[in-house]
Amino acid sequence: MNIVGAIVLAVTPLTAYLLICLLKRPALAFFGVIVVNYFIMGLIRYIPAIQGGVVIDGLLLFTLFLVLLRSRDHLINWIAARNLLTLLSGIWLIYCILLIFNPVTTPSNWFAGVRGLAVYLFLFSLLTAVLLNRYKYLKVFLFLWSVMTLLAVIKALVQKFIGFDAAENHWLFVDGGSSTHIISSGVRYFSFFTDAASFGCGMALSMVVFSITAIYIHTKSLRIYYIIVALLAGYGMMISGTRAAIVIPFVSYAFFIILSKQWKIILPGVLIILCTFVFFKYTYIGHGNTEIRRMRSAFNPTESASFQIRKTNQAEMRVFMKDHPFGIGVGKAKRAEPGDYMYQLPTDTSLVYVWVETGIVGLGLFLLVFLVTFAKGVYDVWYRIRDKQLRGILIALLAGLVGMLVSAYGNEILQQFPNGPIVYMCMAFIFMGRKFDQAITDGKGT
């Protein structure tokens, strides 16, 4: 046999064994999707022939196929998926599917855009509810996420202190990434994310979630570990040079203070936030440091040229969006041609992107999914969740989610890997909080 045939024959037993394991435990396949989701955009730089969306689509369909196979033996708990998140994300998906009839777009554009806009929100929340509906899976998810966060920070540190590799240099100086990442204020590091904005917001989310989780986690060693992860993620956020990322910890920690309902957290928390705001807004302390100087510019957005350009672009969009309550068509904003409404008008932010492609009606539906999640989560942590550790983890997820939604007005982060799917999974876990708490009370949760 030739070498290819020999390799195929050699790995066949292992492949068969892995398929059997995944069939018995589809949750393992879904965790695999989570890992691939985190690294896929970085991998594309080294293997340009790979299409990230196609890879994730294939893995999601494979996982869904395993779930359907296990359902034949009644081994999948579909009842866990009966919640408002699945319902609302399903309605959102149906709405976006119906937009294929929007005459402004084309079927090919619609197919390319609907996955990131609606399919992933529905599938990631659905599969999380169906496959990860036990408290132990939430803890596994957090730990896996923390490890991936550390790897992302390490990659950024390598870029900063050792340098960019050949693939990254090609992306910067051939594909044009240097125009937004090597600027007058310094280098913006992006790790293996699509860009520095996505990396910065992802690290800000990790910093918030793991710092708050560390306050409530029982295991001392795990508490120390999560604090280290949060600190490193915070440093990653700083070296990304992403101004919108700084919004996430401010909004998230303020929301956390409100949710805690503990004076020992509220008083020092408010003091720290106020002092930090004054430090960045009204002083020039540490202004010689590149990272501090760039973060400080986020507190004076009206002086930012990019902010002014976005406001100008959005003013132009409002002119034609008045006549398009259902949007200009899914997939059209990113694939505009000369003569189109959006030609040379970048959306730049997730919420503007949803508004342009699905209209004010679609934006309302999209925001409703998040608002219902917030309402459900806040009510549960205030009145229904009795286990302190679980309550703290849910507060961490809620706080991070609020920060990401606010930041989505400044950056396009919810329709990108890996941040979007992680946010959707956090929403699904928030909806399962009461179920986890009941299992702990009954002695069935760990």
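Here the structure is a predicted model, which is why all the values come from computation and not from measurement. (Residues numbered from 1 in each chain as written. Predicted model: local features only at pLDDT ≥ 70, side-chain atom pairs only at ≥ 80, totals over all residues. Heavy atoms only, no water.)

(A) Inspection of the pattern of salt bridges at higher detail. A full pass over the atoms with the stated rule returns 8 salt bridges. Notably, a salt bridge pairs Lys376 with Asp380, separated by 3.3 Å at the nearest N-O pair. You can see Lys376 and its partner Asp380 sitting in helix α15 (residues 350–384), 4 residues apart, about one turn around the helix. For Arg434, the salt bridge identified is with Asp380, shortest N-O distance 2.7 Å. (Salt bridge = Lys/Arg side-chain N within 4 Å of Asp/Glu carboxyl O. Helix = DSSP H or I, 4+ residues; strand = E, 2+ residues; numbered from the N terminus.)

(B) Inspection of the packing of aromatic side chains at higher detail. Evaluation of the coordinates by the stated rule reveals 29 aromatic pairs. Aromatic side chains Tyr38 and Phe193 sit 5.5 Å apart centroid to centroid with 85° between the ring planes, which places their arrangement in the edge-to-face category. Here the residue Tyr38 occupies a position in helix α2 (residues 26–46), and Phe193 occupies one in the loop between β2 (186–187) and α9 (196–216), the gap between them amounting to 155 residues. In this structure, Tyr38 and Phe193 share a single accessibility class: buried. An aromatic cluster of at least three residues, connected via ring pairs, comprises Tyr135, Phe141, Phe143, Trp145, Phe210, Tyr225, Tyr226, Phe429 and Phe436. Over the ring of Tyr135 we find Lys139, and its NZ or CZ is 4.7 Å from the ring centre. Here the basic side chain of Lys261 rests over the ring of Tyr383, its NZ or CZ set 5.4 Å away from the ring centre. (Phe/Tyr/Trp six-rings, centres within 6.5 Å; stacked < 30°, edge-to-face > 60°. Buried < 20%, exposed > 50% of the residue type's maximum accessible area, 1.4 Å probe, protein only. Lys NZ or Arg CZ within 6 Å of the ring centre and 35° of its normal.)

Function cannot be inferred from these measures alone, as they are strictly geometric.
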